[in-house]
Amino acid sequence: MDTQPTTSTVAVIKDDANFKLWLKSKSRAALVTFAQRLNASCVGKRSVDEADASGAPRRLMAMLGTIAAGCDAFTPVAGEPRRYGSPKFREWHAWLRDRAAALVADAVGGGAPDELRARLCASFGNETRIDYGTGHEAAFLAFLYCLWRFGALTDGDVDSGAVACGVFRAYVAACRAIQDCFGLEPAGARGVWALDPYQMLPFVFGSAQCIAGDAGDAPAGWGDEDTLDVVPGLDAKRHESMFYECVLHVRDAIGDARFGEAAPILFNCSHRPWRVTNRRILRYFAQEVLGVRVVVQHMLFGDLFPADWLAPATEAATPAADDAAMETYLRNPYQTVFEAQEAQDVRSPPW
């Protein structure tokens, strides 16, 4: 096993030894904590459009719109040879690599380390396999975490909901456009555990958006048990929550099939309280995405998000500020509920 500290943005989880160290690392704990922090910021909040955002979140949302619009120059050709997705995706990914440094610099309002460019590119699918999965979604979570570590995102940006309800939502919209344009294969055999073929975190943040007072403890109720379809009028609530947007995306994708039959596990979430759905999917993300080697083996490490187990013993694995933030956000009121209730269903499936 390599025991030297990393000097560039590289993937280091290449064997079981490094994977086991990752599971116990401060970096993994910090990323889980950051996901919990973003989750807490969404509770009871509506989705945020670019026009309603300001500062770095607005610039990041504009950047993601530019990335999605870049697909237009690489439209797949009818009849092109393909086994999985369109090979035009590789050309688009090369375009993104060439533009990434400038895009990130514009988004953060100045110069940015090359690590951020590499992390942005890692968030939009694998150009060799022409696929997309939760590992890429986790890469974007790490990108946001590194923006916060770098200082491009403030605590106010993160805790206001602007990052999760605005920037992350814009990321999902960009991914949907890219997936649809190039026909990207879902990475892995489980298709994001039957939520939809690609995404998991918008279901986490979106379910948190629907938690408001007693509503968090009542059944979600967006599915009609008689018709096995979504309830009438759900389209009008699309902007209220990323969860509704994701449900409607799945509904449109399955066509004439009844929702409860085509997506039964997702449909069952309609019968659960929002708070239960939220904590279970968040826990599942921590365990089955950030805790699975085949997913995290592509995770990039650098100065802002280090492979801290490779750092010399005399160096702190993460700055003191990270340790303080971790303690603060593990103890926030919403997270206290999460911890108190998690023990009762720790071995149960998330649905």
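The paragraphs below set out a description of the structure included in this document. Values in this document were obtained by computation on a predicted structure and should not be read as measured data.

Structural notes on the side chain of Arg37
Mapping Arg37 onto the fold places it in helix H2 (residues 26-42). At 2.9 Å, the side chain of Arg37 forms a polar contact with the side chain of Asp155.

Some remarks on the packing of helix H4 (residues 88-108) against helix H5 (residues 114-121)
At a minimum axis distance of 9 Å, the contact between H4 and H5 shows a crossing angle of 140 degrees. Taken together, H4 and H5 sit at an angle that is classed as oblique. Both H4 and H5 take part in a crossing whose hand is right-handed. Residue-level inspection shows His93, Leu96, Arg97, Ala100, Ala101 and Val104 of H4 in contact with H5, the latter providing Leu116, Arg117, Leu120 and Cys121. Here the residues of the contact of H4 with H5 sort into seven nonpolar, one polar and two charged.

Quick notes on the nonpolar core
Trp92, Phe124 and Trp222 are the most contacted members of the largest nonpolar core, which totals 107 residues. Broken down by element, this core gets its largest block of residues, 12 residues, from helix H8 (residues 162-182).

Brief notes about the packing of H2 against H8
Helix packing geometry: the angle between the two helix axes and the distance between the axes. Put simply, H2 and H8 touch, their axes get as near as 7 Å, and they point 100 degrees apart. As far as their axial angle goes, H8 and H2 are roughly perpendicular. Residues Leu38, Ser41 and Cys42 of H2 form the contact with H8, whose own contacting residues are Val163, Ala164 and Cys165. Tallied by class, residues from the contact of H2 with H8 come to five nonpolar, one polar and no charged.

Comments concerning the packing of aromatic side chains
Per the counting criterion, the structure on display carries 29 aromatic pairs. Here Trp22 and Phe305 contribute two aromatic rings whose centre-to-centre distance is 6.2 Å and whose plane-to-plane angle is 75 degrees, an arrangement assigned as edge-to-face. Taken together, the residues span a long stretch of sequence, with Trp22 in helix H1 (residues 16-23) and Phe305 in the loop between strand E6 (300-301) and helix H15 (320-330) at a distance of 283 residues. You can call Trp22 buried: its relative accessible area is 0%. Its relative accessible area of 0% is what places Phe305 among the buried residues. A ring pair is formed by Phe243 and Trp274, whose centres lie 5.0 Å apart and whose planes are at 85 degrees; its orientation type is edge-to-face. Taken as a pair, Phe243 in helix H10 (residues 242-254) and Trp274 in helix H13 (residues 274-288) lie far apart in primary sequence, 31 residues in all. Assigned by exposure class, Phe243 and Trp274 land together as buried. Joined through ring pairs, the aromatic side chains of Phe74, Phe89, Trp92, Trp95, Phe124, Phe140, Phe143, Phe168, Tyr171, Phe182 and Phe205 make up one cluster.

Calculation criteria
Residues numbered from 1 in each chain as written. Predicted model: local features only at pLDDT ≥ 70, side-chain atom pairs only at ≥ 80, totals over all residues. Heavy atoms only, no water. Helix = DSSP H or I, 4+ residues; strand = E, 2+ residues; numbered from the N terminus. Polar contact = N/O pair within 3.5 Å; in protein donor to acceptor, adjacent residues only side chain to side chain. Axes fitted to C-alpha atoms, helices over the stretch in contact; angles between N-to-C directions. Parallel < 35°, antiparallel > 145°, perpendicular 65-115°, else oblique. Left-handed = near helix turned anticlockwise from the far one by under 90°. Contact = heavy atoms within 4.5 Å. Nonpolar A, V, L, I, M, F, W, Y, C, P; charged D, E, K, R; others polar. Core = buried A, V, L, I, M, F, W, Y, C linked by side-chain atoms within 4.5 Å. Buried < 20%, exposed > 50% of the residue type's maximum accessible area, 1.4 Å probe, protein only. Phe/Tyr/Trp six-rings, centres within 6.5 Å; stacked < 30°, edge-to-face > 60°.

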